[in-house]
Amino acid sequence: MSVTPRLPTGPPRPGVPGPAAPAGLADAEVAELRARYGPNSLPRERVRPWWVRLGAELAHFFALMLWTAAILAFVAGMPQLGWAIAAVVIINGLFAFVQEARAERASAKLRDLLPSNVQVRRGGRTTVVGAVELVPGDIVLLAAGDRVPADLEILHASGLSLDESMLTGESLPVVREAGTAATGGTFVATGDAVGRVSATGVSTRLAEIARLTTRAEAPPSPLDLELTRVVKVIAMVSVTVGAVFFVISFLIGNPLAGAFLFAIGVTVALVPEGLLPTVTLSLAMGAQRMSRRHALVRNLQAVETLGSTTFICTDKTGTLTQNRMSAVEVWTPQGSVRLEGRGYAPEAAVAGTPPAVAAASRLAAGSRAASQGDIEEHDGEWRAVGDPMEGALAALDRRLGGAAEGPAALAGFAFDEERKRQSAVLPAGAGGRTELWVKGAPETLLALCVGDGSPSPGPGGGEGAWLDRARLTLAELAARGLRVLAVASRELTAAEAAAASRGEADAVVLERELVLRGLIGLHDPPRPAVADAIRQAREAGIRVAMVTGDHPVTAAAIAREIGLIGRGTGTEAVLEGAALPEDLQVLGALLDRDGVVISRVTPEQKLRVAHALQARGHCVAMTGDGVNDGPALEAADIGVAMGRSGTDVARNAADLVLLDDDFATIIVAVEQGRATYANIRRFLTYHLTDNVAELTPFVVWALSAGHFPLALGVLQILCLDIGTDLLPALALGGENPSAGVLRRPPERRHLMDASLLFRVFAVLGPAEVVVEMAAFATVLWLAGWHPGGALPDAATVAAASGAAFTAVVLGQLANAYACRSASRPAWRLPWGTNRMLLGAIAAELVLLAVFLFIGPVATLLGQAPPPLEGLAVAAFAIPGVLAGDAFHKMLRHRWGAGRTHPVLPHH
């Protein structure tokens, strides 16, 4: 075991190579290798041009149906209708394009993980080159704080540990020695090293993760699937109805060309032109509400997908915990000391007897000496420098009275996996003797101790009483979820001290016959709201699993602390990534439960976890903050990244970014997602009810073989769809979540199901239609027309059509309030909770006045202001719709109590 002098950390000075650094490559060799392997950079992804992305927003299934309707309108000689429909598609496409244009692909951000410059040895001298210029075989010099520029083989290491959390999820730095590998993109937490480049650019591990992220395709969202289904149904109904009316029109004597144009008009009239912008704007309103609750939506579809979530796979470090290691308790033979402090700040409340505090202070100074980490203040906040655990030890020393600068060691022995401990030789103190201080894993250090330094063995006596006390304390601290370090020391002889100072001593020889100074309990505290958020998730019928790269014992301890496993949950499933079954069906069956901890997970295994749960029909939300999380975030139904502590890779691969890094914000977002899904059903009901009122005049005209005048024309229907109806529909899309939405399982049913269709075609629609046709017939009757008589003059039909149009608008006004709730009548809902709806209704009435009383507009639409009698009958649409809705809800409440909707498989 070699001993290295204690030197200040920092980058090597140019021209001073680290120990055992080879001369490096010659310039000619570098040029040849660069030509063979290319630059040390990740491949640039082929980004779709902006016009291709915009075209995709204008050419999806629903948009294509509207384009077809616009073309048919032009063919039928209705250019105003054609231009209006085209404008709806273009405006909606532009809006969606702008909302999502800011998202950049995760693999592009991976390039930012490589440093811009790096120190290398070439031709026998040290120089600084751009990281992109590295080639396989280059000799690289690393120091604490550096980012590894490529995959390396470590040739020499001195106290080297790497922070690989962004790649592996492991919260603690990993020790690396000569002969091991270092992965590009990781950080040097402590020590220094000399390494030989083994892979660059596209051949690195980082590039492999980039390819996984690129290949991982997000599945279609539940809303995509449902809207596609709705649009297909509407398209099929529209074309079928148009064909039927073509036949009827031809049979009653219309010429072939006229019958065709009439059928096109009917088909276009049945297309809900306002549905597409209403869905898009509703999702945008949901996204805006989420942003006010610290959840940034990068993909509009994610708003609704969150409401469909049935399984959350969450990372541990930085997601469930604060990623701030802190020493909270120190046990010494003289007693225990408890500390309460904030983060890494050097101040804390200390509780313990004076002898215990004095012993803990000496222990803290010794453990800090056997460390390389430190703490520093940055922008008013204290943070760890290097290893978070060693930063916590530095903070502990400061909190117990230590100086700002740690004790200067004569020599140090770095941590290694075999010894599982680290040592420092401190110069002679007040006692005049040089001391060796050791910190490490209790299971290895306790075996080297011969006493605990107390004057007597304590209560119970006996030669092993001190060891029994230490082990009982160790078990008690571990049971509380604390990471425990043991600290011991011994006095060195003059010969041992001299050998250590010269670098000639061996750690194994010196680390013997130690005196146990105590145990340190360290804690990475969970985020304050996590436990309550997990409880809310369970109430909402959402299963939660911890998927982390951390150690199983550490992960399980945190899981117990936050109530994910144990403590009455009925589960204690702690698995390791390497032990997961290869078969996806078996894996899905193993994981499909609440409260599972999966530790030591690789990026590939995270992908398999997501796919296995999706294969079981789950809508999976995957959280993460590291580079290693990118592929799984892309593949999950909803990827959730941390905004503060997360990497750019994770944020850009995710659909949702938590700006406050709080797991509890996911539950807030789920609540808004469920509200958005319910709102889409609300305005879908609203739109389809209008379609019933729009189609009925054509049905009556057809059944009468043209002897009953047509109550509404195609342009009037267009005004209803994207004029008077649009604002109330948007207001319904902004309804607040209903009470108890998180106290029931996710209600996964089709957007257009039997209950919605019954409400539209058997309740709300007929209520509107009765008043609509009554108002139309009343005006005709007052003008002297009766069924079977000669058709009335054009002016009378226009006034009657105005009455029918008014009845539909007023019926839709009442329908908007009826659709606010699926269970309560409109008058039992608070009127002021949706102020947008009040404004929309006012705008709807203004538009009604414009369409009726502005002469050129009314003439273009083929209508005229109706007489007072016609307006009076049309006004009955409001109480008629509200009464019909209330009666239906009363019957359903009385006869349908206890009925539930089936949960639909997502995939």
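Remarks on the overall build of the chain
Then, number 1: Across its full length, the chain carries 32 helices and 27 strands.
Then, number 2: Looking at the 907 residues of the chain, the share that counts as buried comes to 55%.
Then, number 3: In the chain, once contacts between residues fewer than 6 apart in sequence are set aside, the share between residues at least 24 apart is 74%.
Then, number 4: Here the chain displays about 37000 Å² of accessible surface, and carbon together with sulfur accounts for 60% of that area.

Details of the packing of aromatic side chains
Then, number 1: Counted by the stated rule, this structure contains four aromatic pairs.
Then, number 2: Between the aromatic rings of phenylalanine 74 and tryptophan 83, the centroid separation amounts to 5.2 Å while the plane-to-plane angle is 85°, which identifies the pairing as edge-to-face.
Then, number 3: Under the relative-accessibility criterion, phenylalanine 74 is labelled partly exposed at 36%.
Then, number 4: Relative to phenylalanine 776, the ring of phenylalanine 708 lies with its centre 5.8 Å away and its plane at 50°, an arrangement referred to as tilted. Remark: phenylalanine 776 occurs in helix α27 (residues 754-782) and phenylalanine 708 occurs in the loop between α24 (664-703) and α25 (714-724); sequence separation between them is 68 residues.

Observations concerning the environment of arginine 419
Then, number 1: Looking at the element boundaries, arginine 419 is found in the loop between β16 (411-413) and β17 (421-426).
Then, number 2: Assessed through its relative accessible area of 3%, arginine 419 is described here as buried.

Comments concerning a nonpolar patch on the surface
Then, number 1: Together, Val247, Phe250, Leu251, Ile252 and Leu256 give the surface a local cluster of nonpolar side chains, amounting to about 470 Å² of exposed area.
Then, number 2: Ranked by residues supplied to the nonpolar patch, first place goes to helix α8 (residues 222-251) with three residues.
Then, number 3: Structurally, valine 247 is set in helix α8.

Remarks on the sheet that holds strand β10 (residues 311-314)
Then, number 1: Strand order in the open sheet formed by eight strands is β9-β27-β26-β25-β10-β22-β24-β23, with mixed pairing between adjacent strands. Looking at which strands have only one partner, the edges of the open sheet turn out to be β9 (295-297) and β23 (573-576). Within the sheet, the average angular offset between the axes of one strand and its neighbour, ignoring direction, is 20°.
Then, number 2: Where β10 meets strand β25 (residues 620-624), three bridges bridge the pair, whose relative direction is parallel.

Quick notes on the pattern of salt bridges
Then, number 1: Here the structure, examined in full by the defined rule, presents 23 salt bridges.
Then, number 2: A salt bridge links glutamate 496 to arginine 512, with the shortest nitrogen-to-oxygen separation between them at 2.9 Å. Here glutamate 496, found in helix α16 (residues 494-502), pairs with arginine 512, found in the loop between α17 (507-510) and β21 (514-523); they are 16 residues apart in sequence, far enough to count as distant.
Then, number 3: Residue glutamate 504 is joined to arginine 502 by a salt bridge in which the shortest nitrogen-to-oxygen separation is 3.0 Å. The burial state of glutamate 504 is the same as that of arginine 502; both residues are exposed.
Then, number 4: Each of Arg490, Glu496, Arg512 and Glu513 takes part in a single network of salt bridges with overlapping partners.

Points about the confidence of the model for the chain
Then, number 1: On average, residues of the chain carry a pLDDT of 80, and 84% of them reach 70 or more.
Then, number 2: Below pLDDT 50 for its whole length, residues 1-20 participates in 48 contacts with residues either more than four positions away or in separate chains.
Then, number 3: Within the model, pLDDT remains below 50 along residues 457-462, and this stretch shows four contacts once partners closer than five positions in the same chain are excluded.

Quick notes on α25
Then, number 1: Taken across its eleven residues, α25 has ten buried, putting it largely inside the fold.
Then, number 2: Three or more residues of α25 are buried, namely Val714, Leu715, Gln716, Ile717, Leu718, Cys719, Leu720, Asp721, Gly723 and Thr724.

Description of the nonpolar core
Then, number 1: Core analysis: the biggest nonpolar cluster contains 106 residues, and Leu564, Leu656 and Phe663 have the highest contact counts within it.
Then, number 2: Sorting elements by how many residues they give to this core places helix α28 (residues 794-818) first, with 14 residues.
Then, number 3: Setting aside residues up to four positions removed in sequence, leucine 656 forms contacts with Met290, Ala295, Leu296, Val297, Leu306, Ile638, Gly639, Val640, Ala641 and Ala669.
Then, number 4: With 30 residues, the next largest nonpolar core counts Met325, Leu363, Ile375 and Ala424 among its residues.

Overview of the packing of α27 against helix α31 (residues 868-875)
Then, number 1: It is the contact of α27 with α31, at a shortest axis distance of 8 Å, that shows an interaxial angle of 165°. Overall, the two elements α27 and α31 adopt an arrangement that is roughly antiparallel. Of the two possible hands of crossing, α27 and α31 adopt the one that is right-handed. Between α27 and α31, the residues in contact are Val771, Ala774, Ala775, Thr778, Val779 and Leu782 and Glu869, Gly870, Val873 and Ala874, respectively.
Then, number 2: Per-class residue counts for the contact of α27 with α31 are seven nonpolar, two polar and one charged.

Here we look at the environment of glutamate 504
Then, number 1: With respect to the helices, strands and loops of the structure, glutamate 504 is situated in the loop between α16 and α17.
Then, number 2: Given a relative accessible area of 55%, glutamate 504 falls into the exposed group.
Then, number 3: Of the polar contacts made by the side chain of glutamate 504, one reaches the side chain of arginine 502; its length is 3.0 Å.

Details of the side chain of threonine 186
Then, number 1: Structurally, threonine 186 is set in the loop between β7 (181-182) and β8 (187-199).
Then, number 2: Only 2.7 Å separates the side chain of threonine 186 from the backbone oxygen of threonine 183, close enough to count as a polar contact.

A look at the environment of proline 631
Then, number 1: Within the fold, proline 631 resides in helix α22 (residues 630-635).
Then, number 2: Given the relative accessible area of 0%, proline 631 is considered buried.
Then, number 3: Note: C-alpha distance between proline 631 and leucine 607 (24 residues apart in sequence) is 6.7 Å.

What about helix α18 (residues 530-539)?
Then, number 1: Listed in full, the buried residues belonging to α18 are Val530, Ala533, Ile534 and Ala537. All buried residues of α18 lie within an arc of 100° about the axis, which places them on one face of the element.
Then, number 2: Those residues of α18 hidden inside the fold are in contact with β22 (543-547) and α24.
Then, number 3: Backbone geometry just after α18 places glycine 541 at a positive phi near 75°.

Re the pairing of strand β5 (residues 151-163)
Then, number 1: One ladder, built from ten bridges, connects β5 with β8; its direction is antiparallel. Directly across from leucine 162, in β8, lies its bridge partner valine 188.
Then, number 2: The pairing of β5 with β7 spans two bridges and is antiparallel. Following the sheet pairing, leucine 152 is matched in β7 by alanine 182.
Then, number 3: Bridging between β5 and strand β6 (residues 174-175) involves two bridges; their strand directions are antiparallel.

A few points about the side chain of lysine 439
Then, number 1: With respect to the helices and strands, the residue lysine 439 is situated in strand β18 (residues 435-440).
Then, number 2: One polar contact links the side chain of lysine 439 to the main-chain carbonyl oxygen of alanine 370, over a distance of 3.4 Å.
Then, number 3: Discounting residues that sit within four places of it in the chain, lysine 439 has contacts with Ser367, Ala370, Ser371, Met389, Glu390, Leu393, Arg421, Gln422, Leu445, Leu485, Ala486 and Val487.

What to know about the pairing of β22
Then, number 1: For β22, a buried count of four out of five residues is recorded, marking the element as mostly surrounded by other parts of the structure.
Then, number 2: In this structure, β10 lies alongside β22, joined through four bridges in parallel fashion. When the sheet's bridge partners are listed, phenylalanine 311 is paired in β22 with arginine 543.

Comments concerning the packing of α28 against α31
Then, number 1: Direction vectors running N to C along α28 and α31 enclose 25°, while the axes themselves pass 8 Å from each other. As far as their axial angle goes, α31 and α28 are roughly parallel. Along this stretch, α28 crosses α31, giving a crossing that reads as right-handed. The segment α28 lies against α31, with Ala803, Thr806, Ala807 and Leu810 engaging Gly870, Leu871, Ala874 and Ala875.
Then, number 2: Among the residues making up the contact of α28 with α31, the classes are represented as six nonpolar, two polar and no charged.

Here we look at unusual backbone geometry
Then, number 1: For histidine 294, which is not glycine, the phi torsion reads 70° and is therefore positive.
Then, number 2: Take histidine 294: it is sitting in the loop between α10 (275-292) and β9.
Then, number 3: For glutamate 513, which is not a glycine, the phi torsion comes out positive at approximately 45°.
Then, number 4: With respect to the secondary-structure elements, glutamate 513 resides in the loop between α17 and β21.

The rules behind these values
Residues numbered from 1 in each chain as written. Predicted model: local features only at pLDDT ≥ 70, side-chain atom pairs only at ≥ 80, totals over all residues. Heavy atoms only, no water. Helix = DSSP H or I, 4+ residues; strand = E, 2+ residues; numbered from the N terminus. Buried < 20%, exposed > 50% of the residue type's maximum accessible area, 1.4 Å probe, protein only. Contact = heavy atoms within 4.5 Å. Areas by Shrake-Rupley, 256 points an atom, 1.4 Å probe, with all protein chains shown as cover. Phe/Tyr/Trp six-rings, centres within 6.5 Å; stacked < 30°, edge-to-face > 60°. Patch = residues over 30% accessible without salt bridge, like charges linked within 9 Å, V, L, I, M, F, W, Y side chains within 5 Å. Salt bridge = Lys/Arg side-chain N within 4 Å of Asp/Glu carboxyl O. Pairing = 2+ DSSP bridges. Axes fitted to C-alpha atoms, helices over the stretch in contact; angles between N-to-C directions. pLDDT = per-residue confidence, 0-100. Core = buried A, V, L, I, M, F, W, Y, C linked by side-chain atoms within 4.5 Å. Parallel < 35°, antiparallel > 145°, perpendicular 65-115°, else oblique. Left-handed = near helix turned anticlockwise from the far one by under 90°. Nonpolar A, V, L, I, M, F, W, Y, C, P; charged D, E, K, R; others polar. Polar contact = N/O pair within 3.5 Å; in protein donor to acceptor, adjacent residues only side chain to side chain. Arc of directions from axis to C-beta.

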